[in-house]
Amino acid sequence: MTDLSVRIGGLTLANPVMPASGTFAEGLGEVIDLDRLGALVTKTITRELRAGNPLPRVAEVTGGMLNAIGIPSQGVPYLLEETLPLYRRWTPPLVVSISAPTAEGFATLAAEVSVAGVAAIEANISCPNIEEDGRAFAMRAASTEAVVRQMRAATGLPLWVKLTPNTGEIAEVARAAEAAGADALVVANTILAMAIDLQTLRPRLGNVMGGLSGPAVKPIVLRQVYQCARAVRVPIIGCGGIATAADAAEYMLAGASAVQVGTASFINCHAMVEVIEGLARFCEARGIARIAELTGALRQEEADEDDLSWVSPAP
């Protein structure tokens, strides 16, 4: 049997598969056994109450989905009093995703959610912030380092930093997050995109633009995971278009230590469990004793010209 456990930013996970924030809630526990997952990741919360963006918030497009949900949130008290007690029934570590408009706000929120029952914090710095004229913190190395450094000083919990794919400086941003104290990087969030309804001649999203997720983004984010893995030493969690074990294996070969499954769960609520089972079969068929051996094991032609057939998923 393959050892599926992985080490991520101070935590040992039973396997490398977890939900992407915003695509998961405790209600999924009525359909699948959440104890089979490597970790649980909450929907992003903010300190204040937020209603989110105007409708419509979701639009299906070729190869994926657009969303402009706008991070609706019931705030910190609801998380502490209602959400955390619900998650105590499951054993995987709970990762709380947070967002704030300022660096100081991120630090304050990180401190407030550093309570018993929270195993790690995922800082969603890939959302717009008011200090940089609407740009995401993670679009630039300097703003990334500033916000992560403040969060690092505010919490002793493992700090996972979620990056944006909407930057031409992904490696530089990754290095800045690591230098400021990130324990792991989540690569990446959705890609900024839009769609137009030709019947109404209006945007298909109430917010005009939104984030593209699903199979269409996988080749782009896979490339970014590869670039980040070569730039930093902290673990990377791949996120973008993962629907099958083959997708997850590609991300791990490119340098990810774990993966997050998002949009695929809307289509197939069993997607995460199927990815876990498929990865186990993938490793066992190739005599891989520990799934962690996959991380960064991509063979480069100039370094190894042996047959690469072993990386293909079993039929």
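I will try to describe carefully the structure that is included in this document. (Residues numbered from 1 in each chain as written. Predicted model: local features only at pLDDT ≥ 70, side-chain atom pairs only at ≥ 80, totals over all residues. Heavy atoms only, no water.)

**Re helix 5 (residues 218–231)**
Phase 1: With 14 residues, helix 5 should cover 20 Å at 1.5 Å per step; its first-to-last C-alpha distance of 20 Å lies within 8% of that length.
Phase 2: Of all the residues in helix 5, the buried ones are Lys218, Val221, Leu222, Gln224, Val225, Cys228 and Ala231.
Phase 3: Contacts made by the buried residues of helix 5 are with helix 4 (170–180), strand 10 (184–187), strand 15 (236–239) and helix 6 (245–254). (Helix = DSSP H or I, 4+ residues; strand = E, 2+ residues; numbered from the N terminus. Expected span 1.5 Å × (residues − 1). Buried < 20%, exposed > 50% of the residue type's maximum accessible area, 1.4 Å probe, protein only. Contact = heavy atoms within 4.5 Å.)

**Some thoughts on the side chain of Asn189**
Phase 1: Checked against the element boundaries, Asn189 lands in the loop between strand 10 and strand 11 (191–194).
Phase 2: Of note is the side chain of Asn189, whose polar atom sits 3.2 Å from the side chain of Asn124.
Phase 3: Separated by 3.5 Å, the side chains of Asn189 and Thr190 make a polar contact.
Phase 4: With sequence-adjacent residues up to four places away left out, Asn189 is seen in contact with Asn124, Ser126, Lys162, Leu163, Thr164 and Pro165. (Polar contact = N/O pair within 3.5 Å; in protein donor to acceptor, adjacent residues only side chain to side chain.)

**Digging into the nonpolar core**
Phase 1: Among the nonpolar cores identified, the biggest contains 104 residues, and Ile98, Ile125, Val148, Met151, Trp160, Leu163 and Leu185 are the most heavily contacted of them.
Phase 2: At nine residues, the largest contribution of residues to this core is made by helix 8 (residues 271–285). (Core = buried A, V, L, I, M, F, W, Y, C linked by side-chain atoms within 4.5 Å.)

**Concerning helix 3 (residues 141–154)**
Phase 1: When the terminal C-alpha atoms of helix 3 are compared, their 20 Å separation across 14 residues agrees well with the 20 Å that a helix rising 1.5 Å per residue should span.
Phase 2: Within helix 3 the residues assigned to the buried category are Ser143, Thr144, Val147, Val148 and Met151. Down the axis, helix 3 shows its buried residues gathered within 120° of arc, on one side only. Opposite the buried face of helix 3, at more than 90 degrees from it, the exposed residues are Ala142 and Ala153. (Arc of directions from axis to C-beta.)

**Here we look at the packing of helix 4 against helix 5**
Phase 1: Running from N to C, helix 4 and helix 5 point in directions that differ by 45°, and their axes come no closer than 9 Å. In terms of orientation, helix 4 lies oblique with respect to helix 5. Read as a crossing pair, helix 4 and helix 5 show a hand that is right-handed. Counting all contacts with helix 4, which are made through Ile170, Ala171, Ala174, Arg175 and Glu178, the residues of helix 5 involved are Arg223, Gln224, Gln227, Cys228 and Ala231.
Phase 2: Taken together, the residues of the contact of helix 4 with helix 5 sort by class into five nonpolar, two polar and three charged. (Axes fitted to C-alpha atoms, helices over the stretch in contact; angles between N-to-C directions. Parallel < 35°, antiparallel > 145°, perpendicular 65-115°, else oblique. Left-handed = near helix turned anticlockwise from the far one by under 90°. Nonpolar A, V, L, I, M, F, W, Y, C, P; charged D, E, K, R; others polar.)

**Describing unusual backbone geometry**
Phase 1: A cis amide bond, omega -10°, links Leu55 with the succeeding residue Pro56.
Phase 2: Here Pro56 is to be found in the loop between strand 4 (40–41) and strand 5 (58–61).
Phase 3: With an omega of 10°, the peptide bond between Val187 and Ala188 qualifies as cis.
Phase 4: By the secondary structure assignment, Ala188 is in the loop between strand 10 and strand 11.
Phase 5: Backbone geometry at Ile71 places phi at a positive 50°, although glycine is not the residue there.
Phase 6: Take Ile71: it is sitting in the loop between strand 6 (64–67) and helix 1 (75–87).
Phase 7: Positioned with a positive phi, Val208 is a non-glycine residue whose angle comes to about 70°.
Phase 8: As for its position among the elements, Val208 is in the loop between strand 13 (202–203) and strand 14 (209–213).

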